[in-house]
Amino acid sequence: MNQWLDERLHISRLNDKFLRKAFPVHHSFFLGEITLFSLIVLIITGILLALAYEPSNSLVVNSFDPGTPDKQNLIPAAYHSALKINAMPFGDMLRRVHHWMANIMVAAAVVHMMRIYFTGAFKKPREINWWIGMLLLIFAALTAVTGYILPYDNYAFQTVGVVYAIVKSVPWVGDWLAQAAFAGQFPGAGIIPRIYGYHIMLLPGILLALTGAHMLIMIKQKHTQPQYAKRLAYKKIVGVPLMTQQTPIMLILALLFTGLVMLFAAYIPVHPIEVFGPPSSTPIPNIKPDWYLLWVFGALAIIPGFELELLGGSINAEFIGAMVFPGIVIGLMFAVPMLDRAKDNQYYAENPTNHPVRLAAGTSFMAFMLMLSLAGYKPDLIQAGLLTTANSNTILWMLVVVVPVVIYFATIGIVRMIRALREADERDSLAHAHADD
């Protein structure tokens, strides 16, 4: 049978070319695999949820609270199906696992990108994979956003209203763009079917295509090797083969990871759609996006309101804060490989302290994003009495600007101190060696 299959499918060639690929043995290299495991579980749980979900905002009678014959309690079909999923055996658990896996996938992708950046693994010849990774991060966030709109409770209703307004704020073509993206005016009958199509077909298809390209390029170019590999066998691949050793490790990690997330989901509830209720014109105070988009919300919160008329179009604070500013930030992240001037291929992961400027820029950027995320809590900080309406913007802008600068120079200083101590240790070792001679 093996010979018959090999003659037709060339399995032995597949084994020699791909299944014997060596993988580095280092815990930081599992971050990308955790992102992949999360995507797989998301697809599986998403399929199961789709079997019971009704992608429609047509009004139906609420079977849990039908009202009276004279005045029936009508709610959107999407919201009603989400209530029914919660009432199903393990339905709420399924929603929880799906929700937390989405958050973990984005978080693992962010930490994975941080590992790539700080170790210089984005350098030649891996620039393309850095850009693909950035696209994966962006589309993963978009997929998650469309996902928490689907229950179509009042929170989702208010959220999609904010997103619609942001798209509509694009000068000259905003109104057309918003209607094209959301199947008409908001609120409209086509919004949930359109977002459902994005969430279960378009965006997952893009994610799977990008993931496949990312993995194929990684297999072709091979991983950057940990530093210990340089001492063991210079410019040789040091690691364990995919089929006989890496695959069992990956399977064990996938099972442990999924089990831990399910345990976590069993005790930590997710978005309470019953509390928010069906769509309503009643606004939700201090509505916020998930953590990975909170920095955009923070930028919107502290940019002063303005509106500029230009050639028949309107440029306002909403467009600058939610479209232009995030575009600049993401553009800088895309530009990272082009800022490196090395001409040789990068084989080994670099020690971050050997590149103090890159390390300081990375930590400063992280502080910048954290301060912007803190600005997203501006109404809460005012309500708690920590800030006032008069001084909130000034203080938050100072934090957004000053803290990253302080972190940058502090990182440079710490790295210099570490390198001085390292050089002192090397001098002491040499002095002791000469004394022994």
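Refer to the structure presented above.
Residues numbered from 1 in each chain as written. Predicted model: local features only at pLDDT ≥ 70, side-chain atom pairs only at ≥ 80, totals over all residues. Heavy atoms only, no water.

**Topic: the overall build of the protein**
Okay, step 1: Looking only at helices and strands, the protein features 17 helices and 6 strands.
Okay, step 2: The C-alpha extent of the protein, read off along each of the three principal axes, is 100 × 70 × 45 Å.
Okay, step 3: Looking at the protein as a whole, 42% of its 437 residues qualify as buried.
Okay, step 4: Partitioning the contacts of the protein with sequence separation of at least 6, the portion at a separation of at least 24 is 75%.
Okay, step 5: Here the protein displays about 24,200 Å² of accessible surface, and carbon together with sulfur accounts for 69% of that area.
Okay, step 6: When the 30 basic and 26 acidic side-chain charges of the protein are each reduced to a single mean position, those positions are 9 Å apart. (Helix = DSSP H or I, 4+ residues; strand = E, 2+ residues; numbered from the N terminus. Buried < 20%, exposed > 50% of the residue type's maximum accessible area, 1.4 Å probe, protein only. Contact = heavy atoms within 4.5 Å. Areas by Shrake-Rupley, 256 points an atom, 1.4 Å probe, with all protein chains shown as cover. Lys, Arg positive; Asp, Glu negative; His and termini not counted. Charge placed at Lys NZ, Arg CZ, Asp CG, Glu CD.)

**Concerning the nonpolar core**
If you look at soluble globular proteins, the nonpolar side chains tend to sit buried side by side.
Okay, step 1: Counting residues in hydrophobic clusters, the biggest one holds 54 residues, and the most contacted among them are Tyr53, Met101, Val160, Phe182, Ile195, Phe257 and Tyr292.
Okay, step 2: Counting only elements with at least two residues in this core, the list comes to α3 (31-50), α4 (77-87), α5 (91-118), α6 (127-149), α7 (154-168), α8 (174-182), α9 (191-221) and α11 (242-267).
Okay, step 3: Leave out the neighbours within four places in its chain, and valine 160 touches Ile149, Phe182, Phe186, Ile191 and Ile195.
Okay, step 4: Of all hydrophobic cores here, the second largest spans 16 residues; its members include Ala299, Phe368, Leu381 and Leu396. (Core = buried A, V, L, I, M, F, W, Y, C linked by side-chain atoms within 4.5 Å.)

**Thoughts on empty space enclosed by the protein**
Okay, step 1: Within this structure, the stated rule accounts for 1 cavity of 30 Å³ or more.
Okay, step 2: Roughly 50 Å³ of internal volume is contained in the largest cavity.
Okay, step 3: In terms of lining residues, the largest cavity is bounded by Lys21, Ala22, Phe23, Met218, Ile219, Lys222 and His223.
Okay, step 4: In terms of residue class, the lining of the largest cavity is built from 4 nonpolar, 1 polar and 2 charged. (1 Å grid on protein atoms, 1.4 Å probe; cavity = no way out; pocket = protein on both sides within 12 Å on 5 of 7 lines; lining within 4 Å. Points joined across faces, edges and corners; volume = space filled by probe spheres on them. Nonpolar A, V, L, I, M, F, W, Y, C, P; charged D, E, K, R; others polar.)

**Concerning the packing of α5 against α6**
Okay, step 1: α6 packs onto α5 with a crossing angle of 155° between their chain directions and a minimal axis gap of 10 Å. By the angle class used here, α5 and α6 are roughly antiparallel. Relative to α6, α5 is oriented so that their crossing is left-handed. Across from Met105, Val106, Ala109, Val110, Met113, Ile116 and Tyr117 in α5, the residues of α6 making contact are Trp130, Gly133, Met134, Leu137 and Ala140.
Okay, step 2: When its residues are assigned to classes, the contact of α5 with α6 shows 11 nonpolar, 1 polar and no charged. (Axes fitted to C-alpha atoms, helices over the stretch in contact; angles between N-to-C directions. Parallel < 35°, antiparallel > 145°, perpendicular 65-115°, else oblique. Left-handed = near helix turned anticlockwise from the far one by under 90°.)

**Some thoughts on α3**
Okay, step 1: If you check α3, its first and last C-alpha atoms are 28 Å apart, about what 20 residues at 1.5 Å a residue would give, namely 28 Å.
Okay, step 2: Those residues of α3 lying buried are Glu33, Ile34, Thr35, Phe37, Ser38, Leu39, Val41, Leu42, Thr45 and Leu49.
Okay, step 3: Those residues of α3 that are buried lie in contact with β1 (22-23), α4, α5, α9 and α11. (Expected span 1.5 Å × (residues − 1).)

**A word on the pattern of salt bridges**
Okay, step 1: The tally for this structure, following the rule as stated, stands at 6 salt bridges.
Okay, step 2: A salt bridge links arginine 96 to aspartate 92, with the shortest nitrogen-to-oxygen separation between them at 3.0 Å. On the criterion of helical spacing, the pair formed by arginine 96 and aspartate 92 is a turn pair, its members being 4 residues apart in helix α5.
Okay, step 3: The exposure class of arginine 96 is buried, given its relative accessible area of 15%. (Salt bridge = Lys/Arg side-chain N within 4 Å of Asp/Glu carboxyl O.)

**Comments concerning a nonpolar patch on the surface**
Okay, step 1: Together, Trp172, Val173, Trp176, Leu177, Phe306, Leu308, Leu310 and Leu311 make up a nonpolar patch on the protein surface, roughly 880 Å² of accessible area in all.
Okay, step 2: Every element with two or more residues in the nonpolar patch is listed here: α8 and β5 (307-310).
Okay, step 3: Along the chain, the position of tryptophan 176 falls in helix α8. (Patch = residues over 30% accessible without salt bridge, like charges linked within 9 Å, V, L, I, M, F, W, Y side chains within 5 Å.)

**Here we look at the packing of aromatic side chains**
Okay, step 1: Throughout the structure, instances matching the rule amount to 15 aromatic pairs.
Okay, step 2: With a centroid separation of 6.0 Å and 75° between ring planes, the pair formed by tyrosine 152 and phenylalanine 157 is classed as edge-to-face. Comparing tyrosine 152 with phenylalanine 157, the two get one shared label, buried.
Okay, step 3: In this arrangement the basic side chain of arginine 115 is found over the ring face of phenylalanine 29, its NZ or CZ atom lying 4.3 Å from the centre. (Phe/Tyr/Trp six-rings, centres within 6.5 Å; stacked < 30°, edge-to-face > 60°. Lys NZ or Arg CZ within 6 Å of the ring centre and 35° of its normal.)

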